[in-house]
Amino acid sequence: MKNATIMGLLLAVIGLTSCKNDASKKAEEATKAAIETPVSTECYKAIYEQDTLNLKINTLKEGKITGDLEMRIENMPTKLGQIVGEFRGDTLFASYTFIQGSNEKKTFKNPMAFLKSGDELILGNGKIEFSLGASYFAKGEPIDFENVKYKFTTTECIEK
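Given the structure is predicted, the values throughout are model-derived calculations rather than measurements.

Cut-off values and rules
- In every chain, residue numbers begin from 1 and rise along the written sequence.
- Only residues with pLDDT of at least 70 are given local features in this predicted model, and only at 80 or more are side-chain atom pairs given and counted; all residues enter the totals for whole chains, interfaces and linings.
- Each side-chain value is derived from all of the structure's non-hydrogen atoms; neither hydrogens nor water enter the calculation.
- The secondary structure listing takes helices from DSSP runs of H or I that are at least 4 residues long and strands from runs of E that are at least 2 residues long, numbered from the N terminus.
- Three labels apply to residues, based on accessible area from a 1.4 Å probe with only protein chains included: buried if under 20% of the type maximum, exposed if over 50%, partly exposed otherwise in between.
- Any two residues whose heavy atoms approach within 4.5 Å at even a single point are treated as in contact.
- Exposure was quantified through the Shrake-Rupley algorithm and a 1.4 Å probe, taking into account, for residues, occlusion by the shown protein chains and nothing else.
- Definition of a polar contact: a pair of N or O atoms within 3.5 Å, with one able to donate and the other able to accept a hydrogen when the atoms are protein atoms, and with sequence-neighbouring residues admitted only if both atoms are side-chain atoms.
- Two strands form a pair only when DSSP identifies at least two bridges running between them.

Colleague: Please provide a residue-by-residue account of the overall build of the protein chain, values included.
Modeller: On a plain count of helices and strands, the protein chain comes out with one helix and 10 strands. Ordered by position in the sequence, the α and β elements of the protein chain form the string α-β-β-β-β-β-β-β-β-β-β. In the protein chain, buried positions account for 27% of the 160 residues. A sequence separation of at least 24 residues applies to 33% of the contacts in the protein chain between residues at least 6 apart. Carbon together with sulfur atoms contributes 54% to the accessible area of the protein chain, which is approximately 11,400 Å² in total.

Here is the structure:
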């Protein structure tokens, strides 16, 4: 009985260690992508009524996308953060990690989808689901790129 308990504890520790290693590998890959030199950089701006969104996209060697997105939406605190994702066909699927307003202690993370149409990027609307604290687009539900507010047009990149 004592050996079974010790064996169970040993297996639990090994399982937790392997999960921790997997999480650290993912964090290491994200850091590596952030440091990697971009192959190309493009800047976009979307204006809808009083809202202004500024997007900077860096394309990395292996096709991964990183960038910055600032969302100034009327009557809301400014959202400022980074996107990380990749193109699947003509659609950029990205994760947007951001802070809202001056609260730098709390970060948010949302999925985003941009359809590339000529020189435009169209920010799609889709059903978002939540599981274990993460949000993602619902499987089997279409993303709408027709009835949208934000259509990004290319603009000159300005270094800050």
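Now, onward.
Colleague: I'd like a description of the side chain of threonine 91, backed by residues and values.
Modeller: Examined against the element boundaries, threonine 91 turns out to sit in strand S5 (residues 91–100). For threonine 91, a relative accessible area of 9% translates into the label buried. A distance of 3.3 Å separates polar atoms of two side chains, one belonging to threonine 91 and the other to aspartate 90. What threonine 91 contacts, discounting residues up to four positions off in sequence, is Glu86, Ala113, Phe114, Leu115 and Phe145.

Colleague: Before we move on, can you summarise the environment of asparagine 75 with the specific residues and values?
Modeller: Positionally, asparagine 75 belongs in the loop between strand S3 (64–72) and strand S4 (79–88). By relative accessible area, asparagine 75 is classed as exposed at 76%.

Colleague: How would you summarise unusual backbone geometry if you had to cite specific residues and measurements?
Modeller: In this structure, glutamate 49 takes a positive phi of about 50° despite not being glycine. Within the element layout of this structure, glutamate 49 appears in the loop between strand S1 (40–48) and strand S2 (51–59). On the accessibility criterion, glutamate 49 (63% relative accessible area) is exposed. Positive phi is not limited to glycine here, since asparagine 75 has a value of about 60°.

Colleague: Can you lay out the pairing of S5 for me, pointing to particular residues and giving the numbers?
Modeller: Relative to S5, S4 is paired through 10 bridges, and the arrangement is antiparallel. What sits directly across from phenylalanine 87, in S5, is leucine 92. Hairpin connection, S4 to S5: the antiparallel pair is bridged by two residues, and glycine 89 has positive phi, about 70°. Taken together, S5 and the strand that follows it, strand S6 (residues 103–117), pair antiparallel across an intervening segment of two residues, in which glycine 101 is found at a positive phi of about 70°.

The values reported here are purely geometric and, on their own, carry no functional implication.
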